[in-house]
Amino acid sequence: MQFHVNSTIHQGVATLALQGRFDFSQYSLFKEQQEKMLAEPGLKAVVLDLRSLDYLDSAALGIMLVLLDRAREVNAPVTIRNAQGVVREILDVAHFDRMFTIED
Amino acid sequence: MSDLTMTPPDTGHESTPVQSLRVLLADDDVATRLLIRGFLERQGHRVVEAANGEDALRAFHARPDFQLFIVDVTMPIMDGLSLCRALKETLASWVPLILISANDQENDQVQGLDIGADYYMTKPISFPLLTATVKAAQRVALLYNDLRQKNAALQRYYNKNRADNDLARQLLEKITRAGENRVVDAQYVVTPAGDFSGDMIVSVRSMAQRHYCFVADATGHGLPAAITLMPAVETFYQLAEEGYALSTIARELNDRLQKSLPRGHFLAATLIMLEPHTHRLEVWNGGSPPAYLLEPESREITAKFTARHPPLGVLAPDLFESDIESTIFHPSQTLVACTDGVVEVESPDGRMFGSRGLEQLLTDPERNEDLVEAVSDCLDRFAGSRQPLDDQTLLVLPLASLSRSSIGGVPVIREQDETDGADPVSGGWYFSLGVRGNALKEAELAPMVSKVLAEIGLSGQSADRAQVCVIELLSNAIDHGVLGLDSQMKHQPDGFEIYFQERQQRLQRLAEGGVFLRASLDRHKDKAVLRVSISDTGEGFEDMKAPADNHYPSGRGLKLVEKLSDRLRFHDGGATSEFDIVVDAVTSAPR
């Protein structure tokens, strides 16, 4: 499935819902949405909703770390939500719970 | 006569000026030439005339940058069709060519278009049609040139990408080739995806006969991957050759990568240390698929080392955890490690091979005995027609290949500190102490050593650390080396009791054997290094059997020394142990 980012903001919480395969080639698409959300006034937190994500590679993990750093600059914690199946396994192997809050 | 003006192709820019074309007009009929030339020049074009094909070619070769050819079919000396063929053969890019002829024989038209003419018009020339044809030709030429430029840019990009990729490969080949003589007897396979995608296996045998392997997978492909790998491989070689603890190597790699790499670049890695004389196996796995210890006969997985850490280079030094997993291996076993390219191979219907797929294969009693072949074949079958997206890297290390017999001459205690070649020793102290036979019964070596160390300027925390290390290594040397006690005893019920009783009895009977200690405290520019070597007359560690509960022989003691010292090494197949403690700024002169 085509990679897609659907970003919404509600009461200061920006949600980036990812869809499809997230890899290196999606960097600019993701970054665009990321920067749009981070520029929102009154941003309090960022949620990465991975419910519809099929796969992510190590470059995508790296892109998420970049988001974490950028969000930290505006004091917004990043939560990963609804990671399932292979996506969850990849996050577990990389021990992303050390850097992100991971919620089901 | 039409006064239609040329308008450029619809590019969306209304103000684009009329493009003036340089036209080569070849016709033997002067009247036709005058007519066409007059018409084109009124529209802003520049026309060069030729009376036959040869003239036209001459004009073309004199200055070839024509943007339109108008060629009459019937001409003396060289006719229009020959001219057309000659031009089209010579031109490097597409330039429109209009063939004109007095007759509208279908045959001529077909022949003209066949040899490369783009448009065909019959005499008498209709100027509105000529205008339309020139416009159409211009439009196509613009499209063509645009495409050509984009194509060239793409080609340049592609070439650069290829060159970068080759450079990445060469850089890494060079690093690993330099290390070829250090490679332990491992079988492995790296199946590269189309581009170099950042997988690498390096292995090193240290001075103290420890074997180290590093299975790494860098983020990204090509040069970015190589940039991540290069400092890591260098650091690994340096530290592993020196025999540093695996946890120290992991920490150093992480800190170095974290410091030097941009955020988002990191290295998934499995670090492995094998000690042939103690049969100790250590693994640090950060972000890689599990590594396995496999019993080849029964096809059983006896240990599995899953990732306990994020990849190297992700965590800041204060958050990094260097704790390793360890177990005791048996030489009949095989160690298997891989990168995620192996477990993430996809089948045509989108299923993933997974760690489970690999485990199933490893334990399959029917599989090919050659593991590398077995895995390669299985992955090929699984992937079917799908091309691998990532490198597939597999390390298969039969542990029998590490047996002690393969170890050559072992270095004994060295006189000079070789770790600080760039930082010369400005002075220092050393002393030796030995005790043998029944004198061991009453010897209190550790306090003696501490006293001397205090006398020569070692104090505070460093002195405490040194004392613990000396005590631990001395008791190992006496208990296991001289008295030949087996620490497996401790694992029985009431083990410690039995162990100490046995120890007392053997000590009472002791008539030969001994231990030998050499300590040096060398001063460098802004630090001092304490090195203590402790040898015994025993046979080293080789005869010790692996206890069942995954603790290596006298494990706690050595673990403590490893933690407290800055380096712990073994020589003489375990009969000599040696630790270093780096002391910050020893300024006080000995009292």
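Please read these numbers as outputs of a predicted model, since none were measured by experiment. All residue numbers refer to position in the chain's written sequence, counted from 1. By the order in which they are written, chains take letters starting at A while ligands take numbers starting at 1. Residues qualify for local features only when their pLDDT is at least 70, as the model is predicted, and side-chain atom pairs are given and counted only at 80 or more; totals for whole chains, interfaces and linings, by contrast, use all residues. Excluded from the side-chain calculations are hydrogens and water; all other atoms, namely the structure's heavy atoms, are used.

Focus: the overall build of chain A
Moving on, step 1. In DSSP terms, a helix is any run of H or I states spanning at least four residues, a strand is any run of E spanning at least two, and both are numbered starting from the N terminus. If you tally the helices and strands in chain A, you get three helices and five strands.
Moving on, step 2. Along its sequence from the N terminus, chain A presents helices and strands in the succession β-β-α-β-α-β-α-β.
Moving on, step 3. The contact criterion used is simple: two residues touch if any of their non-hydrogen atoms lie within 4.5 Å. A sequence separation of at least 24 residues applies to 67% of the contacts in chain A between residues at least 6 apart.
Moving on, step 4. Each accessible area is a Shrake-Rupley result for a 1.4 Å probe, and residues are judged covered by the shown protein chains and nothing else. Accessible surface computed for chain A: about 5000 Å², of which carbon and sulfur atoms make up 48%.

Brief notes about the overall build of chain B
Moving on, step 1. For chain B, the count of helices and strands is 14 helices and 20 strands.
Moving on, step 2. Contacts in chain B between residues far apart in sequence, at least 24 positions, make up 71% of those at least 6 positions apart.
Moving on, step 3. Counting every atom, chain B has about 27800 Å² of accessible surface; 51% of that belongs to carbon and sulfur.

Considerations on the packing of aromatic side chains
Moving on, step 1. Note on aromatic pairs: the rings of Phe, Tyr and Trp (six-membered ring only in Trp) are paired at centre separations within 6.5 Å, and the planes decide the class, stacked below 30 degrees, edge-to-face beyond 60, tilted for the rest. Applying the stated criterion to the full structure yields 11 aromatic pairs over all chains.
Moving on, step 2. An aromatic cluster is built from Phe3, Phe22 and Phe30 of chain A, whose rings are joined through pairwise contacts.
Moving on, step 3. Sitting over the face of the ring of Phe66 of chain B, Arg22 of chain B holds its NZ or CZ atom 3.9 Å from the ring centroid.
Moving on, step 4. Remark: a charge is flagged as sitting over a ring if the NZ atom of Lys or the CZ atom of Arg is within 6 Å of the ring centre and within 35 degrees of the ring normal. Looking at Arg567 of chain B, its charged tip hangs above the ring of Tyr244 of chain B, at a distance of 5.5 Å from the centre.

Section: the sheet that holds strand 17 (residues 514-523) of chain B
All names here are of chain B.
Moving on, step 1. For two strands to be treated as a pair, DSSP must find at least two bridges joining them. Taken together, five strands build an open sheet; the order of strands is 16-17-18-20-19 and the sheet is antiparallel. Looking along the sheet, the strands with just one partner apiece sit at the ends: strand 16 (427-436) and strand 19 (567-571). Geometrically, the sheet is characterised by an average inter-axis angle of 15° between neighbouring strands, direction not taken into account.
Moving on, step 2. Bridge analysis of strand 17 against strand 18 (residues 527-536) gives nine bridges, and the strand direction is antiparallel. A fitted line through C-alpha atoms represents every axis, and for helices the fit uses only the stretch in contact; the resulting angles, taken between N-to-C directions, go from 0 to 180 degrees.

Describing the sheet that holds strand 4 (residues 78-81) of chain A
Residue and element names in this part refer to chain A.
Moving on, step 1. Pairing is mixed across the open sheet formed by five strands, whose spatial order is 1-2-3-4-5. Bordering the open sheet on either side are strand 1 (4-10) and strand 5 (101-103), each of which pairs with just one other strand. Between one strand axis and the next, the sheet turns through 20° on average, direction left out of account.
Moving on, step 2. One ladder, built from four bridges, connects strand 3 (residues 45-56) with strand 4; its direction is parallel. Each bridged residue has a counterpart across the sheet, and for Val46 the counterpart in strand 4 is Val78.
Moving on, step 3. The strands that helix 1 (residues 27-38) touches are strand 1, strand 2 (13-22) and strand 3; relative to strand 1, the one it contacts most, it runs at about 5°.
Moving on, step 4. Packing against the sheet, helix 3 (residues 85-93) makes contact with strand 3, strand 4 and strand 5, and its axis sits at approximately 115° to strand 3.

Here's the deal with unusual backbone geometry
The general pattern is negative phi for most residues beyond glycine and trans for most peptide bonds.
Moving on, step 1. In this structure, the amide linkage connecting Lys123 of chain B to the following residue, Pro124 of chain B, adopts the cis form with an omega of 0°.
Moving on, step 2. Along the chain, Pro124 of chain B falls in the loop between strand 5 (119-122) and helix 5 (127-178).
Moving on, step 3. One non-glycine residue with positive phi stands out, namely Gln11 of chain A, at about 50°.
Moving on, step 4. Positionally, Gln11 of chain A belongs in the loop between strand 1 and strand 2.
Moving on, step 5. If you check the backbone angles, Arg299 of chain B has positive phi at about 55° while not being a glycine.
Moving on, step 6. With respect to the helices, strands and loops of the structure, Arg299 of chain B is situated in the loop between strand 11 (291-295) and strand 12 (300-305).

Examining the packing of helix 2 (residues 53-62) of chain B against helix 3 (residues 80-90) of chain B
Residues and elements named next belong to chain B.
Moving on, step 1. Across the interface, helix 2 lies against helix 3 with an axial gap of 10 Å and an inter-helix angle of 20°. As summarised for this structure, helix 2 and helix 3 are arranged roughly parallel, according to the angle between their axes. Classified by chirality, the crossing of helix 3 by helix 2 is right-handed. Contact with helix 2, carried on its side by Gly53, Ala56, Leu57, Phe60 and His61, involves Leu83, Ala86, Leu87 and Thr90 of helix 3 and no other residues of that element.
Moving on, step 2. Side-chain classes follow a simple rule in which Ala, Val, Leu, Ile, Met, Phe, Trp, Tyr, Cys and Pro form the nonpolar group, Asp, Glu, Lys and Arg form the charged group, and the remainder, Gly included, forms the polar group. In terms of residue class, the contact of helix 2 with helix 3 is built from six nonpolar, three polar and no charged. Should an angle fall under 35 degrees it is called roughly parallel, over 145 degrees roughly antiparallel, and 65 to 115 degrees roughly perpendicular, with every other angle called oblique. By the definition used in this description, the sense in which the near helix is turned from the far one sets the handedness, with an anticlockwise turn below a right angle giving left-handed and a clockwise turn giving right-handed.

Some remarks on the pattern of salt bridges
Residues and elements named next belong to chain B.
Moving on, step 1. When a carboxyl oxygen of Asp or Glu is within 4 Å of a side-chain nitrogen of Lys or Arg, the pair counts as a salt bridge. The full count for this structure, using the stated rule, is 34 salt bridges over all chains.
Moving on, step 2. Taking the shortest distance from any N to any O, the salt bridge between Glu282 and Arg280 comes out at 2.9 Å. Across this residue pair, the class does not change: Glu282 and Arg280 are buried.
Moving on, step 3. One salt bridge in this structure joins Arg308 and Glu325, with 3.3 Å as the shortest N-O distance. You can see Arg308 sitting in the loop between strand 12 and strand 13 (325-328) and its partner Glu325 sitting in strand 13, a full 17 residues away along the chain.
Moving on, step 4. Buried, partly exposed and exposed residues are distinguished by accessible area as a fraction of the type maximum, computed with a 1.4 Å probe on protein chains only: under 20%, between the cut-offs, and over 50%, respectively. A relative accessible area of 43% means that Arg308 is categorised as partly exposed.
Moving on, step 5. Under the relative-accessibility criterion, Glu325 is labelled buried at 15%.
Moving on, step 6. Among the ionic contacts, a cluster of salt bridges with common partners joins Arg531, Arg567, Arg569, Glu578 and Asp580.

Some points on the UniProt feature "modified residue: 4-aspartylphosphate" (unreviewed entry) in chain B
Moving on, step 1. UniProt positions are given in the numbering used here, feature names are shortened, and annotations may be inferred rather than shown by experiment. Residues given the UniProt feature "modified residue: 4-aspartylphosphate" (unreviewed entry) here are Asp72 of chain B.
Moving on, step 2. Once you skip the residues sitting within four places of it in the chain, Asp72 of chain B turns out to touch Ala26, Asp27, Asp28, Gly80, Ile100, Ser101 and Lys123 of chain B.

A few points about the confidence of the model for chain B
Do not read the predicted coordinates in detail wherever pLDDT is low.
Moving on, step 1. A residue's pLDDT is the confidence the predictor assigns to it, expressed on a 0 to 100 scale. Across chain B, pLDDT averages 79, with 83% of residues at or above 70.
Moving on, step 2. Across residues 179-184 of chain B the pLDDT falls below 50, and counting only partners more than four positions away or on other chains, this stretch makes 14 contacts in the model.

Comments concerning the interface of chain B and chain A
Moving on, step 1. Residue-level contacts link 20 residues of chain B with 18 residues of chain A.
Moving on, step 2. When two parts are brought into contact, each loses some accessible area as probed by a 1.4 Å sphere; the total of that loss over both is the buried area. In total, about 1600 Å² of surface goes out of reach between chain B and chain A, with carbon and sulfur atoms giving 58% of it.
Moving on, step 3. Viewed at the interface, chain A and chain B are joined by four salt bridges.
Moving on, step 4. The salt bridge partner of Arg263 of chain B is Asp69 of chain A, with a shortest N-O separation of 2.7 Å.
Moving on, step 5. We define a polar contact as two N or O atoms separated by no more than 3.5 Å, with the added condition that, inside protein, one atom must be a possible hydrogen donor and the other a possible acceptor, whereas residues neighbouring each other in sequence contribute only through side-chain atom pairs. Summed over the shared surface of chain B and chain A, the result is 10 residue pairs in polar contact (both at pLDDT 80 or more).

Observations concerning the pairing of strand 15 (residues 392-398) of chain B
Residues and elements named next belong to chain B.
Moving on, step 1. In terms of burial, strand 15 is largely enclosed, as six of its seven residues are buried.
Moving on, step 2. Inspection of the sheet shows strand 14 (residues 334-338) paired to strand 15 by five bridges, in the antiparallel sense. The residue bridging Thr334 from the neighbouring strand is Pro398, located in strand 15.

Description of the environment of Glu103 of chain A
Residue and element names in this part refer to chain A.
Moving on, step 1. Looking at the element boundaries, Glu103 is found in strand 5.
Moving on, step 2. The class of Glu103 is partly exposed, set by a relative accessible area of 32%.
Moving on, step 3. C-alpha separation for the pair Glu103 and Ile80, spaced 23 residues apart in sequence, amounts to 6.1 Å.
Moving on, step 4. Contacts of Glu103, omitting those with residues within four sequence positions, involve Thr79, Ile80, Arg81 and Asn82.

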